[in-house]
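If you want the building blocks of each chain, they are given just below.
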Amino acid sequence: MRIVSLSGSLRENVGKKDAKALRRDAKVPCVMYGKGEQVLFAVPQTEFQRILFNPAPCFVDIHIGDQTRRAMLKDIDFHPVTDIVYHADFYELSDDKPIVMSVPVHTTGTSCGVMKGGKLAYKQKRLNIKALPGNMPSEILIDITNLDVNQRCKVQDIATENFEILNPKSSEVVVINSTRAAATGENEVVEAE
């Protein structure tokens, strides 16, 4: 799992006026919860780019004063017009408490169905995974080498090790769709026999 570091400073005051003042100084008001009391802090706006502009999931090491806490981004609010980060919620991680994250799906191998002219289609580009933080995968890899035209890989076909996929077991993840080229190729094979 990718880890991103953020440097924050504790917020002295809480409320709308304080939040507006922080935003004027190009800082984002944040809250972290999960272990004990909530921690209110602020992070420079520019530091969020490392989290937001990368589709891979990540954990965040938040440095506040002399403490470092590992968390995950739970919720984020944007300004409706400018798309500037308005507020962020972080959930502090515990090694013994499972978490749920949305993880991207990637394929490996070359499908025999694609080689015949079929087209690979992603039905779900991300899956919801429940796991302990140490077991959370950064991606789900699906080997499509044996998928032929009109075959599919469902959630139930994916091997899980130390994590659980929360999507319905019967839902499709990737499919090799038939195309004209694939249909023509199949007809040629039949005629040759």
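As the structure is a prediction and not an experimental result, all values here were calculated from the model. (Residues numbered from 1 in each chain as written. Predicted model: local features only at pLDDT ≥ 70, side-chain atom pairs only at ≥ 80, totals over all residues. Heavy atoms only, no water.)

Trainee: When you look at the pattern of salt bridges in this model, what are you seeing that I'm missing?
Mentor: Within this structure, the stated rule accounts for 6 salt bridges. A salt bridge links E47 to R50, with the shortest nitrogen-to-oxygen separation between them at 3.0 Å. The buried category is assigned to E47, whose relative accessible area is 16%. The shortest N-O distance in the salt bridge between K116 and D148 comes to 3.0 Å. Remark: D148 occurs in the loop between strand 10 (140-143) and strand 11 (152-154) and K116 occurs in the loop between helix 3 (112-115) and strand 8 (119-122); sequence separation between them is 32 residues. Using a relative accessible area of 44% as the deciding quantity, one classes K116 as partly exposed. (Salt bridge = Lys/Arg side-chain N within 4 Å of Asp/Glu carboxyl O. Buried < 20%, exposed > 50% of the residue type's maximum accessible area, 1.4 Å probe, protein only. Helix = DSSP H or I, 4+ residues; strand = E, 2+ residues; numbered from the N terminus.)

Trainee: Can you help me understand the side chain of R11 in this one?
Mentor: Its location among the elements puts R11 in the loop between strand 1 (2-10) and helix 1 (16-24). Overall, R11 belongs to the buried group, its relative accessible area being 15%. Those residues in contact with R11, other than ones at most four positions away along the chain, are D18, L22, P29, C30, L40, F41 and A42. (Contact = heavy atoms within 4.5 Å.)

Trainee: Sorry, what's going on with the sheet that holds strand 2 (residues 27-33) here?
Mentor: The strands making up a sheet associate through hydrogen bonds between their backbones, and the pairing can be parallel or antiparallel. Strand order in the closed barrel formed by 6 strands is 1-3-2-6-5-4, and the pairing between neighbours is mixed. Geometrically, the sheet is characterised by an average inter-axis angle of 45° between neighbouring strands, direction not taken into account. Across the sheet, helix 1 is in contact with strand 2, strand 3 (39-44) and strand 6 (85-92); its angle to strand 2 comes to roughly 125°. (Pairing = 2+ DSSP bridges. Axes fitted to C-alpha atoms, helices over the stretch in contact; angles between N-to-C directions.)

Trainee: Hey, could you run me through unusual backbone geometry in this one?
Mentor: As a rule of thumb, non-glycine residues mostly have phi less than zero, and peptide bonds are mostly trans rather than cis. Unlike most non-glycine residues, A26 shows phi in positive territory, near 60°. Residue position: A26 is located in the loop between helix 1 and strand 2. A26 sits in the partly exposed class, given a relative accessible area of 41%. With a phi close to 65°, N150 is a non-glycine residue in the positive phi region. Structurally, N150 can be placed in the loop between strand 10 and strand 11.

Trainee: Would you mind showing me how to read the packing of aromatic side chains here?
Mentor: Any pair of aromatic rings gets described here by the distance separating the centres and the angle formed by the planes. What the rule picks out here adds up to 3 aromatic pairs. Aromatic side chains F41 and F90 sit 6.0 Å apart centroid to centroid with 35° between the ring planes, which places their arrangement in the tilted category. Remark: F90 occurs in strand 6 and F41 occurs in strand 3; sequence separation between them is 49 residues. Taken as a pair, F41 and F90 share a single burial class, namely buried. (Phe/Tyr/Trp six-rings, centres within 6.5 Å; stacked < 30°, edge-to-face > 60°.)

Trainee: I would appreciate a short explanation of helix 1 in the present structure.
Mentor: For an α-helix, the turn length of 3.6 residues means that residues three or four places apart are oriented alike. When we look at burial in helix 1, the residues that qualify are D18, A19 and L22. Down the axis of helix 1, the buried set is contained in an arc of 100°. They therefore lie on one face. Residues K16, K17, K20 and R24 are exposed on helix 1 and point more than 90 degrees away from its buried face. Backbone geometry just after helix 1 places A26 at a positive phi near 60°. (Arc of directions from axis to C-beta.)

Trainee: Would you mind showing me how to read the sheet that holds strand 13 (residues 172-177) here?
Mentor: Here 3 strands make up an open sheet; going across it, the order is 8-13-11 and the pairing antiparallel. Here the strands that pair on one side only, and so sit at the sheet edges, are strand 8 and strand 11. Across the sheet, the axes of successive neighbouring strands diverge by a mean angle of 10°, strand direction being ignored. Pairing geometry for strand 8 and strand 13, over 4 bridges, is antiparallel. Paired with K119 across the two strands is N177, which belongs to strand 13.

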